[in-house]
Amino acid sequence: MSDNFSIRTVFNEGPNTVEAELSRLLLDCPIQRVYIATAFLTMGGYWVIEDGLRKAIQRTRLIKIVVGTMGHATDPEAIRAVQALAPDEIIRLYTGRGFHPKMYLFQTGASESTLIIGSPNLTTGGLGNNVEAALVIDVSPNSPHFSLVQECEKQFRQWWKAALSVKDALPSYEKVY
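First, a word on what this report is: a plain description of the structure on this page. (Residues numbered from 1 in each chain as written. Predicted model: local features only at pLDDT ≥ 70, side-chain atom pairs only at ≥ 80, totals over all residues. Heavy atoms only, no water.)

On to the sheet that holds strand E2 (residues 33–38), then. Taken together, the eight strands give an open sheet; going across it, the order is E1-E7-E6-E5-E2-E3-E4-E8, and neighbouring strands pair in mixed fashion. This sheet does not close on itself; its edge strands, each paired only once, are strand E1 (5–10) and strand E8 (164–165). Bridge analysis of E1 against strand E7 (residues 134–139) gives six bridges, and the strand direction is antiparallel. Pairing of Thr9 across the sheet is with Leu135, part of E7. The strands touched by helix H5 (residues 147–162) within the sheet are E1, E2, strand E3 (63–68), strand E4 (91–94), strand E5 (102–107), strand E6 (113–118), E7 and E8, with E2 carrying the most contacts at an inclination of about 65°. (Pairing = 2+ DSSP bridges. Helix = DSSP H or I, 4+ residues; strand = E, 2+ residues; numbered from the N terminus. Contact = heavy atoms within 4.5 Å. Axes fitted to C-alpha atoms, helices over the stretch in contact; angles between N-to-C directions.)

Attention now goes to the side chain of Thr74. With respect to the secondary-structure elements, Thr74 resides in the loop between E3 and helix H3 (76–84). Among the polar contacts made by the side chain of Thr74, one reaches the main-chain amide nitrogen of Leu41 at a distance of 3.3 Å. Ignoring sequence-local partners within four residues, the contact set of Thr74 consists of Ala39, Phe40, Leu41, Val67, Gly68, Ile79, Tyr173 and Tyr177. (Polar contact = N/O pair within 3.5 Å; in protein donor to acceptor, adjacent residues only side chain to side chain.)

To describe a pair of aromatic rings, you give the distance between the ring centres and the angle between the ring planes. Counted by the stated rule, this structure contains six aromatic pairs. Ring plane angle 45° and centroid distance 5.9 Å describe the contact between Tyr173 and Tyr177, whose orientation is recorded as tilted. Overall, Tyr177 belongs to the partly exposed group, its relative accessible area being 47%. Through successive ring pairs, a cluster of aromatic residues spans Tyr35, Phe156 and Trp160. (Phe/Tyr/Trp six-rings, centres within 6.5 Å; stacked < 30°, edge-to-face > 60°. Buried < 20%, exposed > 50% of the residue type's maximum accessible area, 1.4 Å probe, protein only.)

Here it is, written out as structure tokens:
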């Protein structure tokens, strides 16, 4: 990244998929923090990222995921599967008004952060089978555009604080799923 900021598109066409981007980041990058906010999580989406998520958890404990419950599209089994990967709380349920973001933030240390924002949920469709549109933004802390990362991290922390723990939210969610 010569200019400390780059942006590219992902449309889930050919090798250009959100799955490929997430795999690269989860498996190959020296991640310090991962923040994921998505409206939907399914078992299919979990299976797509499970290996990368498992390996990233081994390298860092700072992984947090907020998923929505709107429309009952998020699979309770997938929520349990994600939480089972780590001893610490890594997933929460946003049960408030329609939670519909798709934001994936990877902080790889002092040198760079990668932000993926667009239409893909954590589902097999969102990660590769559907036509999707996302921007992948690589930015370093000395870039004038680093405020994008800071704003997204701040917003994620607000969502995390507003979301409920799996222990508190999952039993009632399962009743209506």
